[in-house]
Amino acid sequence: MLQQLTMFGVPVNQEIAFNVYHDESGNYVPGGGDRWLCHGILLVPEQKQGEVYAALQAIRQNVGYWKEIHHAKLRGHLRGPKARCAHGWLNIYLKFSEFCFYHCLAIDTYSSYFDYNRFSEPYHAYNRFARMGIEGAIAWSLKTYQRVALRFHSDAKFRQEGDNFATYIPNETCKSIAEKRRKEPSAYPEIRLLHPEVIAVDSDPLKVDPGLRAECELIQLVDLMTSNIAQALSARSEQKAKLELAAMIARWIEDTRQPPWLQTEELHRRFSVSCFPDEKGRFYNSALAVMNRNQPFLFELEEQ
């Protein structure tokens, strides 16, 4: 009898270890703040992480840029080394999307269904939506795996006293997935934790602990992707580089909204964006504001 294999050439029932990278874009303020709260999740197979890290480093070497690649600090156009590095990183993700899966949960706080009263503290909303995004990534991209081992990482940042993000995310994610798996075993993998808490990673490569250099690069990558999705949804920035990169991401989003057989980027179950909630409390496809800016994008001209 033929045995079904995964993309790594191993039996589907063998445990696969993934490093989970999380970052967010948008500030939550009850009754105010940003419209979009985006939580991005990047799932990187542990055995492939070195290969991805080397590719990201090669792009840095090629453009000569070694500082932090933070979306908020992108300025001007795509000709500068920082923006060229960011553009190169997004392009290389398409190559690695075969085994590095990305999912973004975009919470629409302007929806009539969004209930601010559910969260007594801002971090309650942050943690709940982060967990919701992670569960969505697992359900959508790891459905075909029977067993996975997970190690969680997130950008190091100040968290107020009482914020249990570090333990809440891994523990509650595992409990929730286990409960859903009991009801629908084929829809979710069995999960084992490789570390009991979320590992906080400094996103500045000039400051990060040497033992977390690869993790630092991947935290920056998930920030870059997530922030560009937020920009694709809102088009709030006037910075040309941000709009150009957001338009690039927007094309991926539009492609994944097509039926799988009509998609051209081969990102089905590899890259996904879910907007939530609509006026009836469901997931929906929001319009992409950046596609309506009607301005020429440098990288589009270069490709012609």
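Our structure's up above, just so we're on the same page.
Here's what I pulled together on the structure shown here. (Residues numbered from 1 in each chain as written. Predicted model: local features only at pLDDT ≥ 70, side-chain atom pairs only at ≥ 80, totals over all residues. Heavy atoms only, no water.)

1. Things to note about the packing of aromatic side chains
What counts is decided by this rule: Only the six-membered ring of Trp is used, alongside the rings of Phe and Tyr, when aromatic pairs are assigned; centres must lie within 6.5 Å, and planes under 30 degrees apart are stacked while those over 60 apart are edge-to-face, with the rest tilted. Elements are defined by DSSP. Helices are runs of H or I of four residues or more, strands are runs of E of two residues or more, and each kind is numbered from the N terminus. Exposure is judged per residue with a 1.4 Å probe applied to protein chains only, and the accessible area is read against the type maximum: over 50% gives exposed, under 20% gives buried, and values in between give partly exposed. Counted as over-ring charges are cases with an Arg CZ or a Lys NZ within 6 Å of the ring centre that also lie within 35 degrees of the ring normal.
Per the stated rule, a full pass over the model turns up 15 aromatic pairs. Measuring from centroid to centroid gives 5.9 Å for Y28 and Y116, while their planes differ by 20 degrees, and the two rings are stacked. One end of the pair, Y28, is in strand β2 (residues 28-29); the other, Y116, is in the loop between β5 (101-108) and α3 (122-141), and 88 residues separate them in sequence. On the accessibility criterion, Y116 (23% relative accessible area) is partly exposed. With centroids separated by 4.8 Å and ring planes inclined at 75 degrees, the aromatic side chains of F114 and Y116 adopt a geometry described as edge-to-face. With a relative accessible area of 11%, F114 lands in the buried category. By way of ring pairs, the aromatic residues Y28, F114, Y116, F119 and F129 are connected into one cluster. Sitting above the plane of the F99 ring, K48 keeps its charged end 4.9 Å from the centroid.

2. Things to note about the side chain of S203
Quick reminder of the rule: Identification of polar contacts relies on pairs of N or O atoms within 3.5 Å, with a donor-acceptor requirement for protein atoms, meaning one able to donate a hydrogen and the other able to accept it, and with residues adjacent in sequence counted only if both atoms are side-chain atoms. Only heavy atoms matter for contacts: two residues are in contact if any of them lie within 4.5 Å across the pair.
With respect to the element layout, S203 can be found in the loop between β8 (199-201) and α5 (213-234). On the basis of relative accessibility, which here comes to 11%, the residue S203 falls in the buried class. There is a polar contact of 2.5 Å between the side chain of S203 and the side chain of E68. Non-local contacts of S203, meaning those with residues more than four positions away in its chain, are made with E68, D155, C216, I219 and Q220.

3. Looking at the packing of helix α2 (residues 81-96) against helix α6 (residues 240-256)
Packed helices, taken two at a time, are described by their axes: the angle between them and the distance between them. To keep things clear, this is the line we draw: Orientation is described by lines fitted to C-alpha atoms, with helices fitted over the stretch in contact, and by angles between N-to-C directions that extend from 0 to 180 degrees. Angle categories: roughly parallel below 35 degrees, roughly antiparallel above 145, roughly perpendicular from 65 to 115, and oblique for all the rest.
Put simply, α2 and α6 touch, their axes get as near as 10 Å, and they point 5 degrees apart. Classified by the angle their axes make, α2 and α6 are roughly parallel. Contact residues: A83, A86, H87, L90, N91, Y93 and L94 in α2; A241, L245, M248, I249 and W252 in α6.

4. Remarks on the pairing of strand β9 (residues 271-276)
Side-chain direction in a regular strand flips from residue to residue, so the side chains alternate between the two faces of the sheet. Stated precisely, the cut-off is as follows: Pairing between two strands is assigned when DSSP locates at least 2 bridges connecting them.
Where burial is concerned, most of β9 is hidden: five out of the six residues are buried. Relative to β9, β5 runs parallel, the two sharing six bridges. Bridge pairing in β9 places H103 opposite S272.

5. Here's the deal with the pattern of salt bridges
Selection criterion: Here, a salt bridge means any Lys or Arg side-chain nitrogen found within 4 Å of an Asp or Glu carboxyl oxygen.
Applying the stated criterion to the full structure yields 14 salt bridges. For K175, the salt bridge identified is with E172, shortest N-O distance 3.7 Å. With a gap of three residues between them, K175 and E172 both fall in helix α4 (residues 165-183), about one helical turn apart. Classification of K175 by relative accessible area gives exposed; the value is 54%. Residues R282 and D278 are paired through a salt bridge, measuring 3.2 Å at the closest nitrogen-oxygen approach. Through salt bridges with shared partners, one network takes in D23, E24 and K157.

6. Some words on the environment of W140
Tracing the backbone shows W140 in helix α3. Assessed through its relative accessible area of 30%, W140 is described here as partly exposed. Taking C-alpha positions, W140 is 9.7 Å from Y102, a pair spaced 38 residues apart along the chain. Ignoring sequence-local partners within four residues, the contact set of W140 consists of H268, R269 and S272.

7. Structural notes on the side chain of E215
Condition: Neither His nor the chain ends contribute to the count of charged residues, in which Lys and Arg are positive and Asp and Glu negative.
Structurally, E215 is set in helix α5. The side chain of E215 is buried and forms no salt bridge, while R151, the nearest opposite charge, is found at 6.7 Å. Look past the residues within four positions of E215 in its chain and what remains in contact with it is Y21, Q49, H153 and V201.

8. Side note on the nonpolar core
The tendency in soluble globular proteins is for nonpolar side chains to be buried side by side. So the rule is basically this: To define a nonpolar core, start from buried Ala, Val, Leu, Ile, Met, Phe, Trp, Tyr and Cys residues and group those joined through side-chain atoms within 4.5 Å.
Counting 57 residues, the largest nonpolar core has L42, Y102, I229, W252 and F271 as its most contacted members. Contributing elements (two or more residues each) for this core: β4 (36-45), α1 (49-63), α2, β5, β8, α5, α6 and β9. Of all the elements, α5 adds the most residues to this core, at eleven residues. Excluding residues that lie within four positions of it along the chain, Y102 makes contacts with G40, I41, L42, Y93, V222, M225, T226, I229, R270, F271 and S272. Residues L142, Y145, Y168 and V198 belong to the second largest nonpolar core, which totals 25 residues.

9. Considering α3
Put simply, the rule reads: A helix is expected to span 1.5 Å multiplied by its residue count minus one.
Helix length check: α3 (20 residues) gives 29 Å between terminal C-alpha atoms against 28 Å at 1.5 Å per residue, within 8%. For α3, the tally of buried residues reaches 14 of 20 residues, placing the bulk of the element in the interior.

10. Describing the layout of surface pockets
Cut-off, in case you're wondering: For each structure, a 1 Å grid was placed over the protein atoms alone; sets of points admitting a 1.4 Å probe that cannot get out are labelled cavities, open sets with protein on both sides within 12 Å along at least five of seven lines are labelled pockets, and lining residues have an atom within 4 Å of a point. Grid points are joined across faces, edges and corners, and a volume is the space filled by probe spheres set on the points. Any residue outside Ala, Val, Leu, Ile, Met, Phe, Trp, Tyr, Cys, Pro, Asp, Glu, Lys and Arg is labelled polar, Gly included; the first ten of those are nonpolar and the last four are charged.
Reported here for the largest pocket is a volume of approximately 950 Å³. Forming the boundary of the largest pocket are 37 residues, of which S25, G26, N27, D34 and W36 lie nearest the centre. Of all the secondary-structure elements, those providing two or more residues to the lining of the largest pocket are β1 (16-25), β4, α3 and α5. Counting residues per element, the lining of the largest pocket draws most heavily on α5, at six residues. Residue classes in the lining of the largest pocket are distributed as 14 nonpolar, twelve polar and eleven charged.

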